[in-house]
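Structure assessment
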Amino acid sequence: MGIKATYEIHQNAYIKLILHASKHKNSAVNGILVGRVSGDAAVVEIVESVPLFHSQIGVLPPLEIALIMIEEYYCDKGLSIVGYFHANERFDDSELGNGAKNIADHISGYFPQAAVLLLDNKKFETLSKEGKDRSPVMQLFTKDASGSWKLVGSDASRLKIKQPSANVILLDYISSGKWKDIIDFDDHLNDISKDWVNTELFN
């Protein structure tokens, strides 16, 4: 497989995904990671994220529409789809399910170094109570030589948040109810006037 890529996620991309999961606590949610490759393909920079669904996860037609729109929008900005985000419905579910793997497989078909980030509910709960940890509240999965998705595990150096204060800002946004403002593709498909890019979210 060569050199193992490392993944660096920008603060706003990171926060947006977790706010999306916070808005739909009783549902599984997912999202797309958008970015670019640098350093001789050794670093995958996750610059943006797009919240996808909270009710139609795994339904192919809406997913295909979303991927086309995301690719077209970000291509003009020199960015492309580099991975997938998933948050499970149940708090105690820390497994990457088959539905999530199928979507991730689709993405890795045209970006082999694709990352899958799975929300770590227990770590997120601990962060909400203590507010001290600066590491991502997400687990990183990558494809191994056999083509299976494997949890990277304790190698925290493989996934980093670009801005060290991201968790502090995240907790502030959650306590102030910022998660209410998140718009995902489900919302957009129900009302196309709603901005799936969330342009105004951090203004």
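Now for a description of the structure that goes with this document.

Parameters at a glance
- Residues numbered from 1 in each chain as written.
- Predicted model: local features only at pLDDT ≥ 70, side-chain atom pairs only at ≥ 80, totals over all residues.
- Heavy atoms only, no water.
- Pairing = 2+ DSSP bridges.
- Helix = DSSP H or I, 4+ residues; strand = E, 2+ residues; numbered from the N terminus.
- Axes fitted to C-alpha atoms, helices over the stretch in contact; angles between N-to-C directions.
- Contact = heavy atoms within 4.5 Å.
- Expected span 1.5 Å × (residues − 1).
- Buried < 20%, exposed > 50% of the residue type's maximum accessible area, 1.4 Å probe, protein only.
- Arc of directions from axis to C-beta.
- Polar contact = N/O pair within 3.5 Å; in protein donor to acceptor, adjacent residues only side chain to side chain.
- Salt bridge = Lys/Arg side-chain N within 4 Å of Asp/Glu carboxyl O.
- Phe/Tyr/Trp six-rings, centres within 6.5 Å; stacked < 30°, edge-to-face > 60°.
- Parallel < 35°, antiparallel > 145°, perpendicular 65-115°, else oblique.
- Nonpolar A, V, L, I, M, F, W, Y, C, P; charged D, E, K, R; others polar.

Strands sit in the order β7-β6-β5-β4-β2-β3-β1-β8 across an open sheet of eight strands; the sheet is mixed. At either end of the open sheet lies a strand with only one pairing partner, and these are β7 (149-151) and β8 (159-161). Direction aside, neighbouring strands of the sheet carry axes that sit 30° apart on average. Pairing analysis gives seven bridges linking strand β2 (residues 29-38) to strand β4 (residues 80-87), with the strands arranged antiparallel. Within the sheet, the bridge partner assigned to glycine 31 lies in β4 and is phenylalanine 85. Packed onto the sheet, helix α3 (residues 98-108) meets β2, β4, β5 (115-119), β6 (138-143) and β7 and runs at close to 175° relative to β4.

The backbone of asparagine 198 sits at a positive phi, close to 60°, despite the residue not being glycine. Structurally, asparagine 198 can be placed in the segment after α6 (185-190).

In a regular helix each residue adds 1.5 Å, so 16 residues correspond to 22 Å; helix α2 (residues 60-75) covers 22 Å between its end C-alpha atoms and thus fits that length. Within α2, burial applies to Pro62, Leu63, Ala66, Leu67, Ile70 and Tyr74. The buried residues of α2 occupy an angular sector of 130° when projected down its axis, which confines them to one face. Turned more than 90 degrees away from the buried face of α2 sit Ile68 and Glu72, all of them exposed. If you follow the buried residues of α2, they end up packed against β2, β3 (43-51), β4, α3 and α6.

Right, let's talk about the side chain of histidine 86 for a bit. With respect to the helices, strands and loops of the structure, histidine 86 is situated in strand β4. Looking at histidine 86, the relative accessible area reads 7%, which means it is buried. A polar side-chain atom of histidine 86 sits 2.9 Å from a polar atom in the side chain of tyrosine 84. Apart from the residues lying within four places of it in its own chain, the contact partners of histidine 86 are Ala28, Val29, Asn30, Ile57, Ala100, Leu117, Leu118 and Leu119.

The next subject is the pattern of salt bridges. Taken as a whole and assessed by the stated rule, the structure comprises five salt bridges. For aspartate 105, the salt bridge is made with lysine 143, and the minimal N-O distance between the two is 3.1 Å. In this pair, aspartate 105 is assigned in helix α3 and lysine 143 in strand β6, connecting sequence segments 38 residues apart. Classification of aspartate 105 by relative accessible area gives partly exposed; the value is 31%.

Quick look at the packing of aromatic side chains now. Enumeration according to the criterion identifies four aromatic pairs in this entry. Each ring, one from tyrosine 173 and one from phenylalanine 202, has its centre 5.8 Å from the other, and the planes form 40°; the classification is tilted. One end of the pair, tyrosine 173, is in helix α5 (residues 166-175); the other, phenylalanine 202, is in the segment after α6, and 29 residues separate them in sequence. Among the aromatic residues, ring-to-ring pairing joins Tyr73, Tyr74, Phe185 and Trp196 into one connected group.

Helical geometry note: an α-helix holds 3.6 residues per turn, so side chains three or four residues apart project in the same direction. All of the buried residues along helix α4 (residues 121-130) are Asn121, Phe124 and Leu127. Down the axis, α4 shows its buried residues gathered within 120° of arc, on one side only. Opposite the buried face of α4, at more than 90 degrees from it, the exposed residues are Lys122, Lys129 and Glu130. In this fold, the buried residues of α4 make contact with α1 (11-23), β5 and α5.

What follows covers the packing of α4 against α5. The geometry of α4 relative to α5 is characterised by a closest axis approach of 10 Å and an angle of 80° between their N-to-C directions. Judged by the inter-axis angle, α4 sits roughly perpendicular to α5. The segment α4 lies against α5, with Phe124, Leu127 and Ser128 engaging Asn167, Leu170, Leu171 and Ile174. Here the contact of α4 with α5 is composed, by residue class, of five nonpolar, two polar and no charged.

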